[in-house]
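# Secondary and tertiary structure notes
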Amino acid sequence: MSPEEFRRHGYALIDWLAEYQQRVEDFPVMSQVAPGDIARMLPERAPEEGEPFEALIEDLDRVVMPGVTHWQSPSWFAYFPANASPPSILAEMVSAGLGLQGMLWSTSPAATEIEMRVLDWLVDLMGLPHGWRSEGPGGGVIQMSASDATHIALVVARRRKREGARSENMVVYVSNQAHFSIEKGCTVAGIGHCRKIAADEAFAMDPGALRASIESDIESGLLPIAVVSAVGTTATTAVDPLPEIADIAGQHDLWHHVDAAYAGTAMLCEEFRVHQPALDRVDSYTFNPHKWMLVNFDCNVLWVADRAPLMEALSILPPILRNAATDEGQVIDYRDWHVPLGRRFRALKLWWVIRSYGAQRLRDLVRSHVAMADDLASRIESDPRFELFAPHPFALVCFRHVDGNDTTRTLAAALNDSGKVAVTPSEVDGTAFIRVSIGQTYTGQRHIDALWDLIDEFA
Ligand SMILES: *Cc1c(COP(=O)(O)O)cnc(C)c1O
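Report on the accompanying structure. From a predicted model like this one, the values you see are computed outputs, not experimental measurements. (Residues numbered from 1 in each chain as written. Predicted model: local features only at pLDDT ≥ 70, side-chain atom pairs only at ≥ 80, totals over all residues. Heavy atoms only, no water.)

### What to know about the overall build of the protein chain
To be explicit about the condition: Strands here are runs of E lasting at least two residues and helices are runs of H or I lasting at least four, both read from the DSSP assignment and numbered beginning at the N terminus. As a reference, a globule follows 2.2 Å times the number of residues to the power 0.38, and the radius of gyration itself is taken over C-alpha atoms. The buried label goes to any residue with under 20% of its type's maximum accessible area, the exposed label to any with over 50%, and the partly exposed label to all in between, with areas taken from a 1.4 Å probe on protein chains only. Whether two residues are in contact is decided by their heavy atoms: any pair within 4.5 Å suffices. Where accessible areas are quoted, they stem from the Shrake-Rupley method and a 1.4 Å probe; at the residue level, only the protein chains shown are allowed to cover.
Along the backbone of the protein chain there are 15 helices and eleven strands. Relative to the compact-globule value of 23 Å for 459 residues, the protein chain shows a C-alpha radius of gyration of 23 Å, a close match. Projecting the C-alpha coordinates of the protein chain onto the three principal axes gives extents of approximately 65 × 60 × 45 Å. Taking all 459 residues of the protein chain together, 50% fall into the buried category. A sequence separation of at least 24 residues applies to 73% of the contacts in the protein chain between residues at least 6 apart. Approximately 20500 Å² of the protein chain is accessible, and the part contributed by carbon and sulfur atoms is 54%.

Shown next, in the form of structure tokens:
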């Protein structure tokens, strides 16, 4: 492809993307294809000869779009948001175009220094402990996903206790509402036990049950190494009691990791920080700008209160990576902060989103989503056909039909089959409920009104 052709096709694709943003509401929110439908449209074998690029662009509409579920629809209420935004999309393009590998400071100083500075901005914007800034003992690093961040926190926790200990005997504690990525992290890290601690009626971890479980494990000769608290669980956005858990972690010398994958974005607004007290007593914290902060997937942030144990666990310096800046210890080499060596320039999109919207506009967006969630929740509460299933501290509303599980599941299926919205049917302890997550970049009150009309119609 010549530079001229690249320019022409690039412009055509920007036009295509701009049109997509304008017509996203015309598609059924959930893809309607059956398994195998898309694969059948592709030839069995790769082409021997290159094809004209026009044909590739045409196939976006013919082959790709029928198989796309529209996470960028303002009527996207399923799972959590995975927001894209124009400045973030453009930053992704630049990052791909530069094609740099930011594994060491020296392999592209801009990638490292922008990441460092922007994560420091976020420490202040989110009211996180000052020591997590890069000039403190801690620091932040962009990862692919919250699952990766949690996995790494567990690897560090395991290494801390390695003296004479077998990882099969180690125990990590989470609430029975915690995201499955924590159990998976234990499996990947070879940690023997992931204990699910009982939760209270608001789905938050019961600290008394945590303490009892730790004591019984110690009595059986096991080695507790870490506890993971949730600020906003995936099922219901429940918030674990951080101060009590921090006390217990302190008494038993456990690594305390906080999973705020979804709710971390809300911490841009001071009024939500009541949900994360005692952060000055936790060891690591993760959240996903790729959920609610308008940064395209993938972009996760992991902060540690002390970067030394992280780097001791993950640093390796083979001769091929030696360079003066690293040897002088003047710079951060982010390859020591995660499992992969290579890394994309993800900081660019975080930087551009924060600069382009400004902190105030991002806060306004969070507040508007939470206000819409409060509005929906009060409509649900005042309708005798429905009941709220859980508190709604952020912008996720969980509700059910009073007629029980079957009626609730039928309602969720009817909403999704309508093609007009997407919600997530879920279940905790045998009770079915519907999750409505409000937070897509362009969701407005009219989308909530339309959703409510559908709920009313199908109930
Ligand atoms: C979404 C979510 C995760 C997993 O996030 P990934 O970035 O997809 O790995 C983990 N924990 C919680 C609480 C979540 O909501």
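Moving on from the coordinates now.
### Considering the sheet that holds strand E3 (residues 193-197)
We apply this condition: Two strands qualify as a pair provided DSSP detects at least 2 bridges between them. For helices, the fitted axis covers only the stretch in contact; all axes are lines through C-alpha atoms, and the angles between them, taken along N-to-C directions, range from 0 to 180 degrees.
Taking strand neighbours across the sheet as the criterion, the seven strands line up as E1-E7-E6-E5-E4-E2-E3 in an open arrangement whose pairing is mixed. Each edge of the sheet is formed by a strand with only one pairing partner; in this case those strands are strand E1 (139-143) and E3. Across the sheet, the axes of successive neighbouring strands diverge by a mean angle of 20°, strand direction being ignored. When strand E6 (residues 284-287) meets strand E7 (residues 300-304), the two strands line up antiparallel, connected through four bridges. Bridging across to E7, Tyr-285 finds its partner in Trp-303. Along the sheet, helix H5 (residues 109-125) contacts E1, E6 and E7; its crossing angle with E1, the most-contacted strand, is approximately 110°. Contacts from helix H9 (residues 242-251) reach strand E4 (223-230) and strand E5 (255-259) within the one sheet, and its direction differs from that of E5 by about 155°.

### Thoughts on the sheet that holds strand E10 (residues 424-428)
An order of E8-E9-E11-E10 is seen for the four strands of this open sheet, with the pairing classed as antiparallel. Each edge of the open sheet carries a strand with a single partner, namely strand E8 (386-388) and E10. Each strand of the sheet is rotated relative to its neighbour by a mean of 40°, with strand direction disregarded. As judged from the four bridges shared by strand E9 (residues 396-401) and strand E11 (residues 431-437), these two strands associate in the antiparallel manner.

### Topic: the state of the cysteines
So the rule is basically this: To count as a disulfide, a pair of cysteine sulfur atoms needs to be within 2.5 Å.
In the structure shown here, the tally under the stated rule is zero disulfides. Not engaged in a disulfide, the cysteine Cys-186 finds its nearest cysteine sulfur in Cys-194; these two sulfurs lie 4.1 Å apart. Under the relative-accessibility criterion, Cys-186 is labelled buried at 3%. On the basis of relative accessibility, which here comes to 19%, the residue Cys-194 falls in the buried class.

### As for the side chain of Asn-323
Mapping Asn-323 onto the fold places it in the loop between helix H11 (307-314) and helix H12 (324-327). A relative accessible area of 14% means that Asn-323 is categorised as buried. Residues in contact with Asn-323, not counting those within four places in the same chain, are Leu-104 and Ser-106.

### Regarding the site of the ligand
Heads up, the condition is: A single heavy atom is enough: if one lies within 4 Å of a molecule or strand, its residue is considered near that molecule or strand. Under the rule applied, a polar contact is a pair of N or O atoms within 3.5 Å (in protein, one hydrogen donor and one hydrogen acceptor; residues adjacent in sequence only if both atoms are side-chain atoms). A pocket, in this scheme, is an open set of points on a 1 Å grid over the protein atoms alone with protein on both sides within 12 Å along at least 5 of 7 lines, while a cavity is a set where a 1.4 Å probe fits but cannot get out; residues line either one if an atom lies within 4 Å of a point. Placement in a cavity or pocket follows one criterion, namely that more than half of the molecule's atoms lie within 2 Å of its grid points.
Looking at the ligand, there are 13 residues lining it, with Ala-146, Ser-147, Asp-259, Asn-288 and Lys-291 nearest. Contact between the ligand and Ser-145: an oxygen atom at 3.3 Å from a side-chain N or O atom of the residue. Contact between the ligand and Asp-259: a nitrogen atom at 2.6 Å from a side-chain N or O atom of the residue. Protein coverage of the free-state accessible area of the ligand, which is 390 Å², stands at 87%. When each cavity is represented as a set of grid points, the ligand is found to reside in the largest pocket. Elements represented by at least two residues in the shell around the ligand include exactly helix H6 (146-160) and helix H10 (289-292).

### A word on the layout of surface pockets
Short version of the rule: Grid points are joined across faces, edges and corners, and a volume is the space filled by probe spheres set on the points. Residues are grouped as follows: Ala, Val, Leu, Ile, Met, Phe, Trp, Tyr, Cys and Pro are nonpolar; Asp, Glu, Lys and Arg are charged; all remaining types, including Gly, are polar.
Approximately 760 Å³ is the volume found for the largest pocket. Taken together, 39 residues make up the lining of the largest pocket; nearest its centre are Phe-80, His-179, Phe-180, Thr-234 and Lys-291. Among the secondary structure elements, those contributing two or more residues to the lining of the largest pocket are H6, strand E2 (170-175), helix H7 (180-189), E3, E4, H10 and E10. Its residues assigned to classes, the lining of the largest pocket comprises 18 nonpolar, 15 polar and six charged.

### Some thoughts on empty space enclosed by the protein
All told, the structure shown has one cavity of 30 Å³ or more when counted by the stated rule. Counted as a void, the largest cavity has a volume near 30 Å³. Thr-265, Leu-268, Trp-292, Met-293, Leu-294, Leu-362, Leu-365 and Val-366 together form the lining of the largest cavity. Considering each element in turn, the lining of the largest cavity owes the most residues, three residues, to helix H13 (residues 347-381).

### Some points on helix H14 (residues 405-417)
Stated formally: In a helix, the anticipated span is given by 1.5 Å times the number of residues less one.
Over its 13 residues, H14 extends 18 Å from the first C-alpha to the last, a length consistent with the 18 Å expected when each residue adds 1.5 Å. For H14, the secondary structure elements touched by its buried residues are E8, E9, E10, E11 and helix H15 (445-458).

### What about the environment of Pro-86?
In this fold, Pro-86 is placed in helix H4 (residues 86-98). The partly exposed category is assigned to Pro-86, whose relative accessible area is 30%. Between the C-alpha atom of Pro-86 and that of Phe-6, which follows or precedes it by 80 residues, the distance is 21 Å. Beyond its immediate stretch of four places on either side in the chain, Pro-86 contacts Gln-21, Tyr-357 and Tyr-442.

### Quick notes on the pairing of E7
The side chains of a regular strand alternate between the sheet's two faces. By the criterion of burial, E7 is predominantly enclosed, with five of the five residues buried. Of the two faces of E7, both are covered, the one formed by Asn-300, Leu-302 and Val-304 as well as the one formed by Val-301 and Trp-303. Bridge analysis of E1 against E7 gives five bridges, and the strand direction is antiparallel. Bridge pairing links Gly-139 to Val-304 in E7.

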